[in-house]
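Working through the structure, step by step
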Amino acid sequence: MKNILKYGMILCACLLISPSCLAETVIKENVKYNLNDRKMTAVYEEYVGNEAPNEAEYIFPREVSVNGKTYIVNEIASNAVKKLKAKRLVFSDAVNKILVSDLYRFELEVNSNNQSFLVKDNVLYSIDKKTLLKSGKQEGAVKIINGVETIEKKAFANSSLQEITFPRSLKNIQNRIFLNCKKLKKIQIASGNSYMTVVDGAIYSKNKRKLLNAGVVKGTFKLPRITREMEPYAVAENQMVKKVVITGKMKKISKGAFAGCRNLEKVELSSGTKIISENAFMNCPSLRKIKLPDKVQILKRGAFKNCGFTKLIIPKSVKKIEKNALETTIGILKFKGKKVPQIANQEV
């Protein structure tokens, strides 16, 4: 009985201090906010008015007053600008989190007293200049400031950017930074960068052993023989690549490596490939042909989900096919070995 009371009291205490219990959603002046009474802060969720303001710039409020209480607006949510028609977005000095997914439509400005962000050439950076967070509207060339070490995922997604130059300080690029950048033609890396290099439009580690991002490759994408691995989603959602040739000693196709490459028609894998990782070729409906090497041992979850094979031959080396690895339309599926490998539910 004592233990029941003890755990009951602990549970009540957790519920009392849970942020979700303290949050309240309100609408004030056509804006939906999520209020936190404990911290006296507010999240700007989205503009919900029937007709968005038509001014040239939209200034996000620094604070909002509700029932005699004043809350500091410190976060701008992902859907905040869906209805906004302004050309320029202005963020207050109080904002320390910007999650907006489509900044690419706007010119950006951050209050000069803001201690979290700064804007240079319409690109949003962390205040210490070490992280490139997101780009605003781009139509030509942009040069990333020196000091930047990391570029966040989807940083330039949907941008009309045509040319970009990375600084010598850059160490890390996260996945899909150029998602749907249809006009991007040229990628350069400043001399002196010891972490990465560009080969035929694709970005590799300095020694070329790892593919970091497919960049601006199109048509036939042939990786150097020295390349032995690739970052997850390295080529994902590239709509310009039609054929991929992987030679050398690459043993593993990384997670989501070619996911969403809807125009990819043919893939030639390294003879030493052993693992096709999760969602590696998911949503490649034009992929009609791929020869799996005789050393492949496992097709992981969703590996070929929603591909367009007319025929697929599974070599006898394959020991396991995980869930939905072959959830696709296959005209002919053939197993070369005498024993069918362990196969999870495919939901074909």
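Quick caveat: nothing in here was measured; it's all calculated off a predicted structure.

Calculation rules
- Residues numbered from 1 in each chain as written.
- Predicted model: local features only at pLDDT ≥ 70, side-chain atom pairs only at ≥ 80, totals over all residues.
- Heavy atoms only, no water.
- Phe/Tyr/Trp six-rings, centres within 6.5 Å; stacked < 30°, edge-to-face > 60°.
- Helix = DSSP H or I, 4+ residues; strand = E, 2+ residues; numbered from the N terminus.
- Buried < 20%, exposed > 50% of the residue type's maximum accessible area, 1.4 Å probe, protein only.
- Lys NZ or Arg CZ within 6 Å of the ring centre and 35° of its normal.
- Pairing = 2+ DSSP bridges.
- Axes fitted to C-alpha atoms, helices over the stretch in contact; angles between N-to-C directions.
- Core = buried A, V, L, I, M, F, W, Y, C linked by side-chain atoms within 4.5 Å.
- Contact = heavy atoms within 4.5 Å.
- Salt bridge = Lys/Arg side-chain N within 4 Å of Asp/Glu carboxyl O.
- Patch = residues over 30% accessible without salt bridge, like charges linked within 9 Å, V, L, I, M, F, W, Y side chains within 5 Å.
- Areas by Shrake-Rupley, 256 points an atom, 1.4 Å probe, with all protein chains shown as cover.
- Lys, Arg positive; Asp, Glu negative; His and termini not counted.
- Charge placed at Lys NZ, Arg CZ, Asp CG, Glu CD.
- Polar contact = N/O pair within 3.5 Å; in protein donor to acceptor, adjacent residues only side chain to side chain.

A few words now on the packing of aromatic side chains. Under the criterion given, the structure shown has 10 aromatic pairs. Ring geometry for F258 and F281: centres 5.1 Å apart, planes at 5°, overall stacked. Here F258 is found in the loop between β24 (252-253) and β25 (266-268), whereas its partner F281 is found in the loop between β26 (275-276) and β27 (289-291), with 23 residues between them in sequence. In this pair, the class of F258 matches that of F281, namely buried. Over the aromatic face of Y233 sits the side chain of R176, whose NZ or CZ is 4.4 Å from the ring centroid.

This part covers the sheet that holds β25. Strand order in this open sheet of four strands is β21-β23-β25-β27, and the pairing throughout is parallel. In the strand order of this sheet, the two ends are held by β21 (219-222) and β27, each with one partner. Neighbour-to-neighbour, the strand axes of the sheet open up by a mean angle of 15°, direction not taken into account. In terms of strand pairing, β25 meets β27 through three bridges, oriented parallel.

Ranked by internal contacts, the top residues of the largest apolar core, which has 41 residues, are F221, F258, F281, L299 and F304. Every element with two or more residues in this core is listed here: β19 (202-205), β23 (241-245) and β29 (311-314). L299 has contacts with I276, L292, F304, I314, K320, I321, E322, A325 and L326, leaving out every residue within four places of it along the chain. Membership of the second largest hydrophobic core comes to 30 residues, among which are Y33, A42, V73 and L84.

The alternating pattern of strand β5 (residues 63-66) places V64 and V66 on a buried face, while none of E63 and S65, on the opposite face, is buried. Pairing of β5 with strand β6 (residues 69-76) involves four bridges; the strand directions are antiparallel. What sits directly across from E63, in β6, is I72.

Turning to the pattern of salt bridges, a few remarks are in order. Across all of its chains, the model carries 14 salt bridges by this definition. For K305, the salt bridge is made with E327, and the minimal N-O distance between the two is 3.9 Å. Pair noted here: K305 is in the loop between β28 (298-299) and β29 and E327 is in the loop between β30 (320-321) and β31 (332-335), with a separation of 22 residues, a long-range link. The buried category is assigned to E327, whose relative accessible area is 16%. Because the salt bridges share partners, they merge into one network encompassing R62, E63 and D93.

Take a positive patch on the surface next. Residues R209, K222, R225, R228, K249, K251, K274 and K295 make up a contiguous surface patch of positive charge. Relative to the assigned elements, R228 resides in the loop between β21 and β22 (229-230).

Either a parallel or an antiparallel arrangement is found when strands of a sheet pair, and the pairing is made through backbone hydrogen bonds. Across the sheet, three strands lie side by side as β13-β15-β17; this open sheet has parallel pairing. Two strands in the sheet have a free side with no partner beyond their single neighbour: β13 (141-143) and β17 (186-189). In this sheet, neighbouring strand axes are inclined to one another by 10° on average, regardless of whether the strands run parallel or antiparallel. Bridge count for β13 against strand β15 (residues 163-166) is three bridges, and the pairing is parallel. Within β15, the residue paired with V142 across the bridge is I164.

Here the focus is the environment of F178. Within the fold, F178 resides in the loop between β16 (172-173) and β17. A C-alpha to C-alpha distance of 8.8 Å links F178 and N213, two positions 35 residues apart in sequence.

Before going further, it helps to examine the side chain of S135. Among the structural elements, S135 can be located in strand β12 (residues 131-135). For S135, the side chain forms a polar contact with the side chain of Q138, separated by 3.3 Å. Excluding anything up to four places from it in sequence, S135 contacts L103, Y104, L108, N122, V123, A155 and F156.

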